[in-house]
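Geometric and topological summary
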Amino acid sequence: MEPQKFVQVSETEWRVEPFGRMRVPAIIYADRALIEEMDDKVLDQVTNVATLPGIVRASYAMPDAHWGYGFPIGGVAAFDAEEGGVISVGGVGFDISCGVRAMLSELSVADVEPHKQALADALFASVPAGLGSRGDIRLDDDEMTAMLSGGAAWALERGWGEAADLERIEEHGVMPGARPEFVTEKARKRQHREMGTLGSGNHYLEVQEVAEIFDAAIAESFGLSKGRVVLCIHCGSRGLGHQIGTEYMKDMAVAAGAQGIALPDRELACAKIDSPIGQRYLGAMRAAINCALANRQIIGHLARGALSRAIPGATLKLLYDVSHNTCKEEPHRINGEVRNVFIHRKGATRAFGPGHPDLPEGLKHSGQPVLIGGSMGTGSYVLAGTRKSEEKAFSSACHGAGRRMSRHQAYRTWKGRQVVDELAARGILVRSASSRGVAEEAPGAYKDVGAVVDAAENAGLSRKVAWLKPLICIKG
Amino acid sequence: MTNPEPAAKPPMERFELFAHGADVGVRGRGPSRAAAFAEAARAMTAVLTDPDKVKANTHVSVAVEAPDDELLLLEWLNAIIFEMATRDMLFSRFEVSIDDHRLSATLWGEALDRARHEPAVEIKGATLTALKVSREADGSWLAQTVVDV
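Residues numbered from 1 in each chain as written. Chains lettered and ligands numbered in written order. Predicted model: local features only at pLDDT ≥ 70, side-chain atom pairs only at ≥ 80, totals over all residues.

**A word on the overall build of chain A**
- Along its length, chain A carries 15 helices and 19 strands.
- Along the first, second and third principal axes, the C-alpha set of chain A runs to 60 × 50 × 50 Å.
- Residues classed as buried in chain A amount to 63% of the 476 residues present.
- The contacts in chain A between residues at least 6 apart in sequence include a share of 77% that link residues at least 24 apart. (Helix = DSSP H or I, 4+ residues; strand = E, 2+ residues; numbered from the N terminus. Buried ≥ 20, exposed ≤ 12 C-beta atoms within 10 Å, placed from the backbone. Contact = placed C-beta atoms within 7 Å.)

**Points about the overall build of chain B**
- When its secondary structure is counted, chain B shows 3 helices and 8 strands.
- Among the 149 residues that make up chain B, the fraction classed as buried is 52%.
- In chain B, of all internal contacts separated by at least 6 residues, the share reaching a separation of at least 24 is 62%.

**Let's talk about the sheet that holds strand β5 (residues 102-111) of chain B**
Residue and element names in this part refer to chain B.
- In space, the 3 strands of this open sheet follow the order β3-β5-β4, with antiparallel pairing throughout. Where the open sheet ends on each side, the last strands, each with one partner, are β3 (58-65) and β4 (89-99). Mean inter-strand twist for the sheet, computed between neighbouring axes without regard to direction, equals 20°.
- In this structure, β4 lies alongside β5, joined through 10 bridges in antiparallel fashion. Residue pairing across strands places Met-89 opposite Ala-111, the latter belonging to β5. (Pairing = 2+ DSSP bridges. Axes fitted to C-alpha atoms, helices over the stretch in contact; angles between N-to-C directions.)

**Concerning the packing of helix α5 (residues 141-157) of chain A against helix α9 (residues 276-310) of chain A**
All names here are of chain A.
- Contact pair α5 / α9: the axes reach a minimum separation of 7 Å and the direction vectors enclose 20°. Relative to α9, the element α5 is oriented roughly parallel. Pair α5 / α9 crosses with left-handed handedness. Packed against α5, whose contacting residues are Met-147, Leu-148, Ser-149, Gly-150, Gly-151, Ala-152, Trp-154, Ala-155 and Leu-156, the element α9 presents Ala-287, Asn-290, Cys-291, Leu-293, Ala-294, Gln-297 and Ile-298 at the interface.
- Residues that form the contact of α5 with α9 fall into these classes: 11 nonpolar, 5 polar and no charged. (Parallel < 35°, antiparallel > 145°, perpendicular 65-115°, else oblique. Left-handed = near helix turned anticlockwise from the far one by under 90°. Nonpolar A, V, L, I, M, F, W, Y, C, P; charged D, E, K, R; others polar.)

**Considering helix α2 (residues 69-87) of chain B**
- The end-to-end C-alpha distance of α2 of chain B, which contains 19 residues, comes to 27 Å, matching closely the 27 Å that a straight helix rising 1.5 Å per residue would cover.
- Burial runs high along α2 of chain B: 15 of the 19 residues are buried. (Expected span 1.5 Å × (residues − 1).)

**A short note on the interface of chain A and chain B**
- In this complex, chain A contributes 39 residues to the contact, which on the side of chain B involves 30 residues.
- Take the side of chain A that touches chain B: its biggest share by element is 8 residues, from helix α8 (residues 238-258) of chain A.
- Of the residues that constitute the side of chain A that touches chain B, the class distribution is 10 nonpolar, 17 polar and 12 charged.

**Thoughts on the packing of α8 of chain A against α2 of chain B**
- Interhelical geometry of α8 of chain A versus α2 of chain B gives an angle of 165° and a closest axis separation of 11 Å. By the angle class used here, α8 of chain A and α2 of chain B are roughly antiparallel. The two elements α8 of chain A and α2 of chain B meet at a crossing, and its hand is left-handed. Taking contact as the criterion, the partners of Gly-239, Thr-246, Lys-250 and Ala-253 of chain A in α8 of chain A are, on α2 of chain B, Leu-71, Leu-74, Glu-75, Asn-78 and Ala-85 of chain B.
- For the contact of α8 of chain A with α2 of chain B, the residue count by class is 4 nonpolar, 3 polar and 2 charged.

**Describing the environment of Glu-36 of chain A**
Residue and element names in this part refer to chain A.
- Summarising the element assignment, Glu-36 is placed in helix α1 (residues 32-37).
- Residue Glu-36 is classed as exposed on the basis of its C-beta count, with 11 C-beta atoms lying within 10 Å.
- Each C-alpha atom, one on Glu-36 and one on Val-370, is 26 Å from the other, the two residues being 334 residues apart in sequence.
- Excluding residues that lie within four positions of it along the chain, Glu-36 makes contacts with Met-1 and Pro-3.

**Brief notes about the sheet that holds strand β12 (residues 325-334) of chain A**
Residue and element names in this part refer to chain A.
- Read from one edge of the open sheet, 7 strands run β1-β2-β3-β4-β5-β13-β12, paired in mixed fashion. Each having just a single partner strand, β1 (7-10) and β12 make up the two edges of the open sheet. Each adjacent strand pair in this sheet contributes to an overall mean axis angle of 25°, direction not counted.
- One ladder, built from 3 bridges, connects β1 with strand β2 (residues 13-16); its direction is antiparallel. Paired with Val-7 across the two strands is Arg-15, which belongs to β2.

**Some thoughts on the environment of Cys-235 of chain A**
Residues and elements named next belong to chain A.
- Turning to its location among the elements, Cys-235 is positioned in strand β9 (residues 228-235).
- Here the alpha-carbon distance between Cys-235 and Asp-95, two residues 140 residues apart in the chain, equals 8.4 Å.
- With residues up to four places along the chain from it excluded, the contact list for Cys-235 reads Cys-98, Leu-198, Gly-199, His-203, Asn-295 and Arg-296.

**What to know about the pairing of strand β5 (residues 73-79) of chain A**
Residues and elements named next belong to chain A.
- For β5, a buried count of 7 out of 7 residues is recorded, marking the element as mostly surrounded by other parts of the structure.
- Looking at chain direction, strand β4 (residues 55-66) and β5 are connected through 5 bridges and run antiparallel. Residue pairing in the sheet places Tyr-60 in a bridge with Val-76 of β5.
- Hairpin connection, β4 to β5: the antiparallel pair is bridged by 6 residues, and Gly-70 has positive phi, about 80°.
- In the sheet, β5 pairs with strand β13 (residues 337-346) via 5 bridges, with the strands oriented antiparallel. Counterpart to Ala-78 in the pairing with β13 is Ile-343.

**Concerning the environment of Lys-415 of chain A**
Residues and elements named next belong to chain A.
- Note that Lys-415 resides in the loop between α12 (407-413) and α13 (416-425).
- For Lys-415, a count of 15 C-beta atoms within 10 Å gives the class partly exposed.
- A sequence separation of 25 residues divides Lys-415 from Glu-440, and the C-alpha atoms of the two residues are 8.8 Å apart.

**Re unusual backbone geometry**
All names here are of chain A.
- If you check the backbone angles, Glu-171 has positive phi at about 60° while not being a glycine.
- Relative to the helices and strands, Glu-171 is located in the loop between α5 and α6 (185-191).
- For Glu-171, a count of 22 C-beta atoms within 10 Å gives the class buried.

In short, the description is geometric, and any link to function would need to be established separately.
Here it is in structure tokens:
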């Protein structure tokens, strides 16, 4: 995008004043290089979102923004139901509550090295990944309803995970307001064999090394130290979430006109929050959030099992579990008063700052961990939410770097075997069911996540805490 | 005596994938709406694996309807995604008939074989992005959209 199209407010804040049907300004957080690299659709989409009814303050885009479905990926927008605000399927995504869970071991890299192959094999055998992979867990109708209401707490009651996990998950592991009755039979059927599975595409389970610390105090309160081994899980609500997104996307595309919502782009299909279809989607989406939380809770448990089999006595403690595709009702200060608004974070992560009442005691001083997945090559980052992020973007931050090249282009550029061998030469073991899948996920296919997190820090959205280097990558 | 070559596909029927950032676009072209829809479905299989690797030995029936052509394409592709996900199957041949905005079809395929098909990704859903069904200048039909992977 050309920087001249924006009013540059600071090194990392770019603004478009309302024009046409925009009700609020659009604000993109990025440095100049990232703005220049962003596709033009980002400008179209972030300004289109600004036209939607009931939007408050501004339509935001994060430093990793790229072309999405109506909303840019990396888009943040809040709506007031009392002002006719809307809820949008594209503003949440097809993988509802896709997110990242980071778990800490007591091990150092030196402890893991002699067992790396065995650990990679154990994880790959324990966590089903890839298209057609099947979980062992079968839920009858009643159990599925319980899972959709109970999220990670339901999983814990069934024996997956530890009690201490719950407070380290957004919403303390249970999304309130879930309405399982609004989740269709088809969505339940699509989830039938998928509990405890990783999925495919950019989903992963990685064993990583804390390679660099940027903020010693916060790192210490998070339990991160250089050389410590961590395990991260990136996946979402699986088939159930995808089916809900699919069904409501079409329903809203049909209904928006009837509600008198002028859509600049049909992809922005949405509905008034206070409408029957808006409420049905809200209830179903919250149920899908619980599905994602339950799924990561189960996979975390499976990972604990695999780790202790490969390295007897090894344990994992949950640092935090974040979601980056949600719409949540949260209190925020707007024009001096606190209002409950519905915040869409599409490919954007919640980033509550220090002191936030929703954070558990152990994190109140540091702020919420924000987990940013990178590619197999660039590694990942742990950030911390800041107080400033509240006024900047309703306490939101980026979620990952985004692709530099299409899947097709990546598959033509690299062979899966070649990627696996090159990473192995760097000490990174890859286990995957699909050679083509690995090629499409090649490190070179992704943008530099380092530039994204630097811009997020400079913009005040979050603070850099640590950089994690992969040791083992399990991919679907 | 050698086997005769299978009849070459009429040049108007074809599918292709197109680039879209994080995901992928599927596009079908054909002499009729139904043919374009069938090719778009084949393009979707191509996102996962080489459609020529998918044997057409089992069939599944599908019927959908929608208020307009484009939402009909969306419903069609999403119906296939649902069948693939719940039956663990891939499909390579599609017999489609469209009457106004009602579509009925037979999907031909086989059970997913992870070793042989090596599926690259999983398709989450068909989206409204770049969704288009149109008659081209040469009279052929085009049907496309982006699928989320």
